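Examining the three-dimensional arrangement
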Amino acid sequence: MKVEPVEFLKGALEIYSVSGEEKAVAEYLVQGMKTLGYAKTWIDEAGNARGEIGTGPLQVVLLGHIDTVPGVVPVRLEGDKLYGRGAVDAKGPFVTFVLACTGLSAEVLRRMTLHLVGAVEEEAPTSKGARFVTDKLRPNFVVIGEPSSWDAITLGYKGRLVVKVKREKDLFHSAHFEPNAGEELLAYFSSVKAWAEAMNVGQGPFGGVQYDLRDFKMAQVDAKSVAEMTLGLRLPPRLLPEQAEAHLRAYASPAFELSFFGAEIPYVGPKDTALTRALRVAIRQSGGEPVFKYKTGTADMNVVAPHWCVPMVAYGPGDSQLDHTPNEHVLVPEFLKAIEVLRGGLERLSQSTVKR
């Protein structure tokens, strides 16, 4: 049975699915895959929307996330633009996966098995959906559903580290010449900023360390001044989370309480693999000139790459600069072109030799 692509995506966008509340959209997507003829569809124990199609030895995982950040973007079609939270990040790419796989020939599906994973909680620090499947699937190739634009292939994402810093200090009269707890944390932030900027000399956006002050607050608790700060880092491939943590500890006063979380390893994949070649050919066949991209954010690619040491890219329609914005939308022609490209790429990829 056929499903109208734009209406199918529009239906997914109309279902609110902030991280932790993906059940309804997972049910919608599973039903859609069932209608489209997937051999197996289900919601797994983590809450992921799952589908399988094909019977061949070549194992391909197409993993995209179906949760969104909070906030409502009214779903509407205005000319070529389909608006809605998740249109770009990343229901649009996952629906692209679902539709691309259904147009493959019987011959292709005898050569490969396609595993669709609509992952939950990607927008949360847990990455629950992606982590759940890392030990349950053994792919030969992986495509991550993130916006790249229809004629581009994403090869890498920066890593991440978040630190929460706390300082408690006895109260003293303001006439006393001594920095209070908040001022000490601000001085620490200045030191971290100077370190990052020194690391960034001669580096481009993907090679530099990005920092952002996510939260800062002060309070008086009994006879103490208490200050807390949360600082986030985006890490280039040359800097692993444990190395960044060592630098952050070195600049911190022994009186500080530091807690680290959200660590993700940076990932950069090779340009020349059977997967990249298949997608590049498909982009050219659809009238485009393929380009490679490297993203300064993080994605489920960072989560699964340490477990699946196979060729991996991120692909999907949309402009990533619209992620999380009140203007989030995908161009319908681009969405349809991405389905065409991915289907063509999978057809070519099916001719690859399975290696274990």
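Residues numbered from 1 in each chain as written. Predicted model: local features only at pLDDT ≥ 70, side-chain atom pairs only at ≥ 80, totals over all residues. Heavy atoms only, no water.

Structural notes on the pattern of salt bridges
Threshold: Salt-bridge detection follows one rule: a side-chain nitrogen of Lys or Arg within 4 Å of a carboxyl oxygen of Asp or Glu. Only protein chains enter the accessibility calculation, which uses a 1.4 Å probe; a residue is then buried when its area is under 20% of its type maximum, exposed when over 50%, and partly exposed in between.
If you walk through the whole model with that rule in mind, you get 18 salt bridges. Ionic pairing is found between K136 and D135, a salt bridge with its closest N-O pair at 3.1 Å. Under the relative-accessibility criterion, D135 is labelled exposed at 62%. In the salt-bridge network here, residues are joined through shared partners; they are R167, K169, E178 and E184.

Quick notes on the pairing of strand β10 (residues 210–221)
Going by this rule: Here, any two strands with at least 2 DSSP bridges between them count as paired. Each helix corresponds to a stretch of at least 4 residues labelled H or I by DSSP, and each strand to a stretch of at least 2 residues labelled E; elements are numbered beginning at the N terminus.
As judged from the 11 bridges shared by β10 and strand β11 (residues 224–235), these two strands associate in the antiparallel manner. Each bridged residue has a counterpart across the sheet, and for D215 the counterpart in β11 is T230.

Description of the nonpolar core
To keep it simple, the criterion reads: We define a nonpolar core as any set of buried Ala, Val, Leu, Ile, Met, Phe, Trp, Tyr and Cys residues linked to one another through side-chain atoms lying within 4.5 Å. Contacts are assigned to residue pairs that have any heavy atoms within 4.5 Å of one another.
Of all hydrophobic cores here, the largest spans 56 residues; its most connected members are L29, V60, L62, L114, L116 and L346. Of all the elements, helix α10 (residues 332–349) adds the most residues to this core, at 8 residues. The residues touching L29, leaving out its near neighbours within four places in the chain, are F8, A12, A49, I66, F94 and V95.

Remarks on the sheet that holds strand β9 (residues 159–170)
In a beta sheet, neighbouring strands are held together by backbone hydrogen bonds and run either parallel or antiparallel to one another. Note the following rule: Comment: axis = line fitted to C-alpha atoms, over the contacting stretch for helices; angle = value between 0 and 180 degrees taken between N-to-C directions.
Read from one edge to the other, the open sheet built from 4 strands follows the order β10-β11-β9-β12, with strand pairing classed as antiparallel. Among the strands making up the open sheet, the edge pair consists of β10 and β12 (257–264). Each strand axis lies, on average, 10 degrees off the axis of its neighbour in the sheet, ignoring direction. Of the strands in this sheet, β9, β10, β11 and β12 touch helix α6 (residues 181–199), which is tilted by about 15 degrees from β11.

Digging into the packing of helix α3 (residues 91–102) against α10
Axis angle and axis distance: for two packed helices, these are the angle between their axes and the distance between the axes, and together they describe the pair. Filter applied, for reference: What sets the label is the angle itself: under 35 degrees gives roughly parallel, over 145 gives roughly antiparallel, 65 to 115 gives roughly perpendicular, and the rest give oblique. Two helices cross in a left-handed way if the nearer one is turned anticlockwise from the farther one by less than a right angle. They cross in a right-handed way if the turn is clockwise.
Across the interface, α3 lies against α10 with an axial gap of 9 Å and an inter-helix angle of 50 degrees. It follows that α3 is oblique to α10 by the angle criterion. Seen from above, α3 lies across α10 with right-handed handedness. Seen from α3, the contacting residues are G92, V95, T96, F97, L99, A100 and C101; seen from α10, they are F335, A338, I339, L342, R343 and L346.

What to know about the packing of aromatic side chains
This is how the line gets drawn: Classification of ring pairs rests on two measures: the distance between centres of Phe, Tyr or Trp rings, Trp counted by its six-membered ring, which must be within 6.5 Å, and the angle between planes, read as stacked under 30 degrees, edge-to-face over 60 and tilted in between.
Inspection of the entire model under this criterion finds 5 aromatic pairs. With 6.5 Å between their ring centres and 65 degrees between their planes, F94 and F97 make a pair best called edge-to-face. Of this pair, F94 and F97 both sit in helix α3, 3 residues apart, roughly one helical turn. Residue classification places F94 among the buried residues on the basis of a relative accessible area of 0%. The exposure class assigned to F97 is buried, which follows from its relative accessible area of 0%. Relative to F256, the ring of Y188 lies with its centre 5.6 Å away and its plane at 75 degrees, an arrangement referred to as edge-to-face. Of the two residues, Y188 is situated in helix α6 and F256 in the loop between α7 (241–251) and β12; the sequence distance between them amounts to 68 residues.

Quick notes on the sheet that holds strand β5 (residues 81–83)
Across the sheet, 3 strands lie side by side as β4-β5-β16; this open sheet has antiparallel pairing. Of all the strands in the sheet, just β4 (76–78) and β16 (329–331) have a single pairing partner and so form its edges. If you compare each strand with its neighbour and ignore which way they point, the axes differ by 25 degrees on average. Here β4 pairs with β5 via 3 bridges, running antiparallel. Bridged to E78 within β5 is K81. Against the sheet, α10 makes contact with β4, β5 and β16, and its axis sits at roughly 70 degrees relative to β16, the strand it touches most.

Examining unusual backbone geometry
Omega for the peptide link from D89 to A90 comes to 0 degrees, which places this bond in the cis form. On the secondary structure map, A90 appears in the loop between β5 and α3. In this model, E121 sits at a positive phi of 60 degrees, which is unusual for a non-glycine residue. Its relative accessible area of 15% is what places E121 among the buried residues.

Observations regarding the side chain of D300
Quick reminder of the rule: His is not counted here, nor are the chain ends, while Lys and Arg score as positive and Asp and Glu score as negative.
As for its placement among the helices and strands, D300 is situated in helix α9 (residues 300–304). Buried and unpaired, D300 has no salt bridge, with R131 as the nearest side chain of opposite charge at 7.1 Å. Aside from chain neighbours lying at most four places away, what touches D300 is L63, H65, A119, E122, S127 and A130.

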